[in-house]
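What follows is each chain in one-letter form.
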Amino acid sequence: MEVKILERNDREIKFLVSGVKSSFAGALRRVMISEVPTMAIEWVEYNTNTSAMPDEVLANRLGQVPLTYDPKAYNLKKDCKCDNKGCSRCEVKLVLKKKGPAMVYSDDLKTTDKSVVPFIEKIPLVELFADQELEFVATAQLGMGREHSKWQGAVVGYKNLPSIKIGDIAKEDLDKFVKVCPRDVFKTKDGKLIVTDPVKCILCMNCVEASRKGEVEVTPVEDAFVFTVETASGIRAEDVVQMATEVLGEKMKEFQKELKKLK
Ligand SMILES: [Zn+2]
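Summarised in this report is the structure supplied together with it.

What counts, and where the lines are drawn
- Residues numbered from 1 in each chain as written.
- Predicted model: local features only at pLDDT ≥ 70, side-chain atom pairs only at ≥ 80, totals over all residues.
- Helix = DSSP H or I, 4+ residues; strand = E, 2+ residues; numbered from the N terminus.
- Rg over C-alpha atoms; globule rule 2.2 N^0.38 Å.
- Buried ≥ 20, exposed ≤ 12 C-beta atoms within 10 Å, placed from the backbone.
- Contact = placed C-beta atoms within 7 Å.
- Pairing = 2+ DSSP bridges.
- Axes fitted to C-alpha atoms, helices over the stretch in contact; angles between N-to-C directions.
- Core = buried A, V, L, I, M, F, W, Y, C linked by C-beta atoms within 7 Å.

Some details on the overall build of the protein
Across its full length, the protein holds five helices and 12 strands. A globule of 263 residues ought to have a C-alpha radius of gyration of about 18 Å, yet the protein, at 25 Å, is considerably larger. Within the protein, buried positions represent 27% of all 263 residues. Nonlocal contacts in the protein, meaning residues at least 24 apart in sequence, comprise 68% of its contacts between residues at least 6 apart.

Quick word on the sheet that holds strand β9 (residues 154–166)
As summarised here, the arrangement of the four strands in space is β1-β2-β12-β9, forming an open sheet in which the pairing is antiparallel. Among the strands making up the open sheet, the edge pair consists of β1 (2–8) and β9. For this sheet, the mean inter-axis angle between neighbouring strands, taken without regard to orientation, is 30 degrees. Pairing geometry for β9 and strand β12 (residues 216–231), over 13 bridges, is antiparallel. Across the sheet, residue Gly 157 finds its bridge partner in β12, namely Thr 228. Along the sheet face, helix α1 (residues 22–34) touches β2 (12–18), β9 and β12 and points at about 150 degrees away from the line of β9. Of the strands in this sheet, β1, β2, β9 and β12 touch helix α5 (residues 237–262), which is tilted by about 100 degrees from β12.

What to know about the nonpolar core
Formed by 26 residues in total, the largest nonpolar core has its most connected members in Met 39, Ile 41, Leu 62, Leu 67, Ala 138 and Ala 140. Among the elements that line this core, the one with the most residues is strand β8 (residues 133–143), at five residues. Sequence-distant contacts of Leu 67, defined by excluding residues within four places in its chain, comprise Met 39, Ala 40, Val 116, Val 117, Pro 118, Phe 119, Ala 140 and Gly 234. In terms of nonpolar packing, the next biggest core, distinct from the first, is built from 20 residues, Ala 25, Ala 154, Phe 225 and Val 240 among them.

As for the pairing of strand β11 (residues 192–195)
Two elements, strand β10 (residues 186–189) and β11, share four bridges in a ladder whose sense is antiparallel. Looking at β11, one finds that Lys 187 is bridged to Ile 194. Once β10 ends, the chain turns through two residues before running back antiparallel as β11, passing Asp 190 with a positive phi of about 50 degrees.

Side note on the environment of Lys 21
Mapped onto the elements of the fold, Lys 21 is located in the loop between β2 and α1. We classify Lys 21 as exposed; it has 11 C-beta atoms within 10 Å. Residues Lys 21 and Ala 224, 203 residues apart in the sequence, show an inter-C-alpha distance of 8.0 Å.

Structural notes on the sheet that holds strand β4 (residues 91–99)
In spatial order, the strands read β3-β8-β4-β6; together these four strands make up an open sheet with antiparallel pairing. Each of the sheet's edge strands pairs with one partner strand only, and the pair in question is β3 (38–49) and β6 (110–111). The sheet contact formed by β4 and β8 spans nine bridges and is antiparallel. Across the sheet, residue Glu 91 finds its bridge partner in β8, namely Gln 141. Across the sheet, helix α2 (residues 55–63) touches β3 and β8, and the angle it forms with β3 is around 150 degrees.

Observations concerning unusual backbone geometry
With an omega of 0 degrees, the peptide bond between Gly 100 and Pro 101 qualifies as cis. In this fold, Pro 101 is placed in the loop between β4 and β5 (102–105). For Asp 190, which is not a glycine, the phi torsion comes out positive at approximately 50 degrees.

Take a look at the structure:
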């Protein structure tokens, strides 16, 4: 197996995995989406809400605010020693108090733990007009995408790595191939057609259709996958990948343990 990072920033990572089966790629994707624990607001207790937005609609919006957290400090509530009652190891309070006229943004949420803050500072939540007031205490907890989309770790897509073979091409046809590709995969150099970057290919097959004599062949590489992971939570994209591999590892360990019991 080989992994190559193609692009990365906090929000998105693109990488190539070679030497794996499609079932592995599918499992990795599913875990990233639905089984990486992330932090989100689950409960809101209002003291005042005279904004135009009803309590439950605002609570729903608050649930969608991605929150950062320290994975070493928090447990899923169901696995916590407090027995699902809620404690400082499985819950965190965020308070907000604001008077209109003003826009309420995600970073107006004041946290009781500095590791838990909105991943994006200026998400507009609700607009308060003159004489309108908002005051509440929200409780955030860990959850997983399979329970509710607000806990979804990331948006993940993958495709097979394309393999592009170029045969003999008549000089007058070179530009045709360059133009037909919507992703600028081809360019000409020294009177020849060359591939700039096969990863950019989206397998649209425009170039193959433009080949009258099979000059260009595009085939998916069966055991190589290009992943694009965009975080949908308060966890950096590359950490979502890392955490997903840990979840997969834990599953295998559990499986092994159960197998041993059968002996
Ligand atoms: Zn607890």
